[in-house]
Amino acid sequence: MMKAFRTKDLIAAFNYNRFMYIPLTIIFQSCLGSIAAMLVLENGTSFLTGIELFLCVATCMLYNAALLAQLKSNLTFWLLVVSLGVNTVLIIINLL
C-alpha cells in the first residue's frame, strides 16, 4: 500500500535534510522558472505577458531571498511550493 504524503511529513523531511535540499531546490525551481519565462516570452510582449513574467520572476526570487535571509524552514518550504505551483501553472497556460 502506498503511503500518503502529508504536509506535516514533507515539512519535517525538509527540515531534517534542509542543507541537502537547498541546492537541489534552487536548481530545480530556477530551471522550472526559466522554462516558464521562456514560454511566456514566446507569446510576444504585451501587458499580460509582462504580468506573467513578473509572477514567474517574483516567486523564484522570493524563494531564493528566503534562503539567503535564512528564514524559518516552514516559511521557506511554503515559498518553494508557491514558486513551483505558479511556474507550473504558467507553463501549462502558455503551452495551451
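Located above this text is the structure these notes cover.
Note that the coordinates shown come from a computational prediction; the quantities given were computed from them, not determined experimentally.

*Asks:* Provide a residue-level description of the packing of aromatic side chains, including the pertinent values.
*Replies:* Tallied over the entire structure, the rule returns three aromatic pairs. Seen from their ring centres, F14 and Y21 are 5.9 Å apart, and the 15° between their planes marks the pair as stacked. Classification of F14 by relative accessible area gives buried; the value is 4%. Here Y21 falls in the partly exposed class, since its relative accessible area comes to 27%. By the ring-pair criterion, three or more aromatic residues cluster together here, those being F14, Y21, F77 and W78.

*Asks:* Describe the state of the cysteines, naming the residues involved and giving the relevant values.
*Replies:* Under the counting rule described, the total for this entry stands at zero disulfides. In this structure C31 is a free cysteine whose sulfur lies 10 Å from that of C60, the closest cysteine sulfur available. C31 gets classed as partly exposed once you look at its relative accessible area, which sits at 41%. Cysteine C60 is unpaired, with the sulfur of C56 as its nearest cysteine sulfur at 4.9 Å.

*Asks:* Which residues make up a nonpolar patch on the surface, and what are the values?
*Replies:* On the surface, a nonpolar cluster with roughly 450 Å² of combined accessible area is contributed by F47, I51, F54 and L55. Among the structural elements, I51 can be located in helix α3 (residues 47-68). We classify I51 as partly exposed; its relative accessible area is 37%.

*Asks:* With reference to specific residues and values, describe α3.
*Replies:* For α3, spanning 22 residues, the distance from its first C-alpha to its last is 31 Å, which sits close to the expected 32 Å at 1.5 Å a residue. Regarding α3, the residues found buried are T49, E52, C56, T59, C60, Y63, N64, A66 and L67. Looking at the residues trailing α3, positive phi occurs at Q70, about 55°.

*Asks:* Could you give an account of the nonpolar core, naming the residues involved and the relevant values?
*Replies:* Grouped together as the largest cluster of nonpolar side chains are nine residues: I11, F14, I22, Y63, A66, L67, F77, L79 and L80. Every element with two or more residues in this core is listed here: α1 (7-16), α3 and α4 (73-95). Other than its neighbours up to four places away in sequence, L79 contacts L62, Y63 and A66. Within the second largest apolar cluster, seven residues are counted, among which are L32, A37, L39 and L90.

Criteria and cut-off values
- Residue numbering note: each chain is counted from 1, following its sequence as written.
- Reporting in this predicted model follows two pLDDT cut-offs: at least 70 for local features of residues, and 80 or more for side-chain atom pairs to be given and counted; totals over whole chains, interfaces and linings ignore these cut-offs and use all residues.
- As a rule here, side-chain values come from all non-hydrogen atoms in the structure, and water together with hydrogens is ignored.
- Think of it this way: a Phe, Tyr or Trp ring, Trp meaning its six-membered ring, pairs with another when their centres are within 6.5 Å, and the plane angle makes it stacked under 30 degrees, edge-to-face over 60, tilted otherwise.
- Per-residue accessibility, obtained with a 1.4 Å probe over protein chains only, is compared with the maximum for each type, and a residue is labelled buried under 20%, exposed over 50%, and partly exposed between these values.
- Counting rule for disulfides: a pair of cysteine sulfur atoms within 2.5 Å.
- For patch detection, residues must exceed 30% relative accessible area and be free of salt bridges, and they are connected within 9 Å for like charges or within 5 Å for nonpolar side chains (Val, Leu, Ile, Met, Phe, Trp, Tyr).
- Areas reported here follow the Shrake-Rupley algorithm with a probe of radius 1.4 Å; residue values treat only the protein chains shown as occluding.
- Should a side-chain nitrogen of Lys or Arg be within 4 Å of a carboxyl oxygen of Asp or Glu, the pair is scored as a salt bridge.
- A helix here means a DSSP run of H or I that spans at least four residues, while a strand means a run of E at least two residues long, and both kinds are numbered starting from the N terminus.
- Multiplying one less than the number of residues by 1.5 Å gives the expected span of a helix.
- As used here, the term nonpolar core means buried Ala, Val, Leu, Ile, Met, Phe, Trp, Tyr and Cys residues forming a set that is joined through side-chain atoms within 4.5 Å.
- Every residue pair with non-hydrogen atoms within 4.5 Å of one another is taken to be in contact.

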